[in-house]
Amino acid sequence: MKWLILISFFCFSLGTISDFRKVSIVTESYVTTKVDLGQKLFFDPILSLDQSISCASCHNPDFAFADNRAFSIGVNDSIGIRNTPSVMNMLSRPYFFYDGRSATLEEQAIIPIENPIEMNLSYDVAVKRVQNNIEYDSLFRIIYNTKPDSINIAQALSEFQRSLESDGSAPHDLWINGIQDSALTTSQIRGRELFISDQNKCFDCHFGPDFTGDEFRNIGLYDEITLMDKGRFDITKDSTDLGRFKVPGLRNIALTAPYMHNGMFQTLNEVIDYYSNPYDFVQHPINTDTLMIEPLNFTIQQKEDLVNFLHSLTDKKIPLTSR
Ligand code: HEC
Ligand code: HEC
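Since the model is a prediction, treat every value here as computed from it, not as a measurement. All residue numbers refer to position in the chain's written sequence, counted from 1. Numbering of ligands from 1 and lettering of chains from A proceed in the order in which they are written. Local features in a predicted model are, by the rule used here, given only for residues with pLDDT of at least 70; side-chain atom pairs are given and counted only at 80 or more, and totals for whole chains, interfaces and linings are based on all residues.

1. A closer look at the overall build of the protein
Strands here are runs of E lasting at least two residues and helices are runs of H or I lasting at least four, both read from the DSSP assignment and numbered beginning at the N terminus. Each helix and strand counted, the protein has 13 helices and two strands in total. In this treatment the radius of gyration is a C-alpha quantity, and the globule benchmark scales as 2.2 Å times the residue count to the 0.38 power. Compactness check: the protein gives a C-alpha radius of gyration of 21 Å against a globular reference of 20 Å for 323 residues, within 12% of the reference. Along the first, second and third principal axes, the C-alpha set of the protein runs to 60 × 50 × 45 Å. Note on burial: count the other C-beta atoms lying within 10 Å of the residue's C-beta; 20 or more is buried, 12 or fewer is exposed, in between is partly exposed, and C-beta positions come from the backbone. The 323 residues of the protein split such that 39% are buried. Counting contacts in the protein only where the partners sit at least 6 residues apart, residues at least 24 apart contribute 63% of the total. Once C-beta atoms have been placed from the backbone, residue pairs whose C-beta atoms lie within 7 Å are recorded as contacts.

2. A word on the site of ligand 1
We count a residue as near a molecule or strand when its backbone-placed C-beta atom lies within 6 Å of that partner. Every one of the 26 residues lining ligand 1 counts as a neighbour, but Cys55, Cys58, Phe97, Tyr98 and Pro112 are closest to it. Secondary-structure elements contributing two or more residues to the shell around ligand 1 are α3 (55–58), α4 (105–114) and α7 (150–162). Counting residues per element, the shell around ligand 1 draws most heavily on α4, at five residues. Its residues placed into classes, the shell around ligand 1 shows 16 nonpolar, eight polar and two charged. Three residue categories are used. Nonpolar comprises Ala, Val, Leu, Ile, Met, Phe, Trp, Tyr, Cys and Pro, charged comprises Asp, Glu, Lys and Arg, and polar comprises the others, including Gly.

3. Observations concerning the site of ligand 2
Taken together, 26 residues sit near ligand 2, with Cys202, Cys205, Pro248, Tyr259 and His261 positioned nearest. Going through the elements one at a time, α10 (202–205), α12 (268–276) and α13 (300–311) are the ones with two or more residues in the shell around ligand 2. In terms of residues, the shell around ligand 2 owes the most to one element, α10, which gives three residues. A per-class count over the shell around ligand 2 returns 18 nonpolar, four polar and four charged.

Here it is, written out as structure tokens:
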């Protein structure tokens, strides 16, 4: 008996070690809608070359569908070149990726599947795999009235991602919508004032319901010395786009560390230190936005208030997690 317990414990630990990158498949029992079907695909390593990586390996619900590493790990332990963003609140986004190279989620979905350092599988092969899977074949026939194909697979993944909208439960939502006046602390209210003030300009770029205006801006993280990612320029070849990146939305930002396209800041405190004086971090930025030229030089109290405010943008409930 003792041995049995020991052996099963041993197998269990082995299992957890080899599965460390896999995120459990939360679906299974009840797949009745396009969203359910997309969710099943999103958590399924079937879409990667060696069946080891799913979308959720990098877009993990526990980190608001982002990752907690500067660069995520793809198949064969390859390391990515940009930080994994959250895929929550994608519904209103006009384009995707830090450089905006995809205009729709449907178009976007195929790119990580084929990317050699992510899932590394030709999309045609991925589609065939799904077609040859008896369970998917029957689910697609029930839900899409046709067999799985290159269009409905991307569409199901997109429908799932479009369902991942914040539900208005973040303290800032409760406060701004007059549902709970005590939802923000006095420090968070001061932080909010700093965030929207004309002097600090955060709101000039991070505006709208998801705290992004969906523009491409350069906050000084490109210097051609150590910071080489040209961002939007690689797509447009327009020199005014050098070092510009898509302004990220800030909902659930406290859950998605590290920060920026290259994951160079570990904490929100570091992000605010950067905004306080970017030149402490990057001495000779190229093509910086005019809004960013003068350092803001926050006091310690102001920094703390801004960080506390950013924490008020965290939803009480993140889909598919216990939180
Ligand atoms: C190996 C890690 C990894 C895997 C696997 C992965 N992604 Fe991503 N994802 C990233 C990274 C990194 C980016 C940002 C890349 C960039 O901006 O150039 C990204 C960006 C995105 C975006 C754009 C978000 C935005 O704010 O613009 C979406 C949507 C997305 N991924 C969905 C998916 C889907 C769907 C799958 C599965 C088919 C998937 N990802 C698989 C790492 C991954
Ligand atoms: C000129 C436009 C602009 C201004 C002003 C601005 N931001 Fe940003 N912000 C951006 C861009 C662009 C990025 C992404 C840069 C990158 O990844 O290289 C970003 C990134 C961030 C991030 C990290 C997001 C993530 O997912 O990694 C936080 C947090 C943030 N900004 C907060 C603020 C605060 C607080 C202020 C005011 C003190 C502010 N921003 C002012 C454009 C701006």
